[in-house]
Amino acid sequence: MNLRTLRSLHQPPPRKQRSRLRLPFPGRMTLAALGAALFSTLSPGKAHAEFTVCNQTLDVVNLAVGQKVDNADQTDGWWTIGANQCVNVIREELTNRYIYLYATDVFGHAILNGSTEMCIDRRRFSIRGIDECWQRGHIAARFVEVDTLEQVRWTYFLTGNSP
């Protein structure tokens, strides 16, 4: 055996050439730049404004929300928020300075003690008006008033202690 034959026996087999991803862009573009370009294309042009409630208690809570809708008071419920979780309860830009919240534990006991009386129901609801709750077949509950300071986005942290 000659030296050339010995070398060929000890050399690893030739590697298969990997196919390269060819981008239709001139020059080289990094994956990060490509990802950023794709993200900006897929992202909506306007940032989401919202009212978020974060449950910082150790219990699951049920939440009702009150606000002005078309110049009338309206309450909506229920959102169930697990311990240490957050839920967006209003998804559009906030137009009201004051949002009203009522929260109960899983047994129906009020967690927040507010001073603004509004209407709720036992099951999922959307109620227009806050007057004469009992006469209209609803339940009167005391909501906490949250001052959003006219911001378009607000997060309320529910700690179990009334503000």
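Not measured: the values here are computed from a predicted model.

Engineer: Could you clarify how one ought to interpret the sheet that holds strand β4 (residues 85–90) in this entry?
Structural biologist: Strands belonging to one sheet form pairs held by backbone hydrogen bonds; the direction of such a pair is parallel or antiparallel. The strand order across the open sheet built from three strands is β4-β1-β9, with neighbouring strands paired in mixed fashion. Two strands bound the open sheet, and with one partner strand each, they are β4 and β9 (154–158). The mean inter-strand angle of the sheet, taken between neighbouring strand axes irrespective of direction, is 25°.

Engineer: Can you walk me through the state of the cysteines in this structure?
Structural biologist: What is meant by a disulfide is a covalent connection between two cysteines, made through their sulfur atoms. A complete count under the given rule lists two disulfides for this structure. In this model Cys54 forms its disulfide with Cys86; the gap between the sulfur atoms is 2.0 Å. Judged by the torsion about the S-S bond (110°), the Cys54/Cys86 disulfide is right-handed. Taken together, the positions of Cys54 in strand β1 (residues 51–55) and Cys86 in strand β4 put the pair 32 residues apart, joining distant regions of the chain. With relative accessibility at 7%, the residue Cys54 sits in the buried group. On the basis of relative accessible area, Cys86 is assigned to the partly exposed category, the value being 47%. With a sulfur-sulfur separation of 1.9 Å, Cys119 is cross-linked through a disulfide to Cys133. Looking along the S-S bond of the Cys119-Cys133 disulfide, the torsion reads about -90°, which is the left-handed sense. Remark: Cys133 occurs in the loop between β7 (125–128) and β8 (139–147) and Cys119 occurs in strand β6 (residues 116–120); sequence separation between them is 14 residues.

Engineer: Whenever I open this one, the pattern of salt bridges confuses me. Can you help?
Structural biologist: Opposite charge on two side chains permits pairing when their charged atoms draw close. Applying the stated criterion to the full structure yields four salt bridges. The salt bridge partner of Lys68 is Asp73, with a shortest N-O separation of 3.3 Å. What makes Lys68 partly exposed here is its relative accessible area of 42%. Residue Asp147 is joined to Arg97 by a salt bridge in which the shortest nitrogen-to-oxygen separation is 2.7 Å. In this pair, Asp147 sits in strand β8 while Arg97 sits in the loop between β4 and β5 (98–105), placing the two residues 50 residues apart along the sequence. In this structure Arg97 comes out as partly exposed when scored by relative accessible area, which is 33%.

Engineer: Where do I start with unusual backbone geometry in this structure?
Structural biologist: A negative phi angle is the norm for most residues apart from glycine, just as the trans form is the norm for most peptide bonds. The residue after Gly77, namely Trp78, is reached through a cis peptide bond having omega 10°. Tracing the backbone through its elements, the reader meets Trp78 in strand β3 (residues 72–81). Unlike most non-glycine residues, Glu150 shows phi in positive territory, near 60°. Residue class for Glu150 comes out exposed when judged on its relative accessible area of 59%.

Engineer: Before we go on, may I ask you to explain the nonpolar core in this structure?
Structural biologist: Across soluble globular proteins, nonpolar side chains show a tendency to be buried alongside one another. Formed by 18 residues in total, the largest nonpolar core has its most connected members in Phe51, Val53, Leu63, Leu101 and Tyr156. Broken down by secondary-structure element, the contributors of at least two residues to this core are β1, β2 (61–69), β4, β5, β8 and β9. Residues contacting Leu101, with those up to four places away along its chain left out, are Phe51, Val53, Leu63, Ala64, Val65, Leu112, Phe143, Val144, Val146 and Tyr156. Counting 14 residues, the second largest nonpolar core, distinct from the first, contains Met118, Cys133, Ile139 and Ala141.

Cut-offs used in this document
- Residues numbered from 1 in each chain as written.
- Predicted model: local features only at pLDDT ≥ 70, side-chain atom pairs only at ≥ 80, totals over all residues.
- Heavy atoms only, no water.
- Pairing = 2+ DSSP bridges.
- Helix = DSSP H or I, 4+ residues; strand = E, 2+ residues; numbered from the N terminus.
- Axes fitted to C-alpha atoms, helices over the stretch in contact; angles between N-to-C directions.
- Disulfide = S-S within 2.5 Å.
- Buried < 20%, exposed > 50% of the residue type's maximum accessible area, 1.4 Å probe, protein only.
- Salt bridge = Lys/Arg side-chain N within 4 Å of Asp/Glu carboxyl O.
- Core = buried A, V, L, I, M, F, W, Y, C linked by side-chain atoms within 4.5 Å.
- Contact = heavy atoms within 4.5 Å.

It is worth stressing that arrangement in space is one thing and function is another; only the former is reported here.
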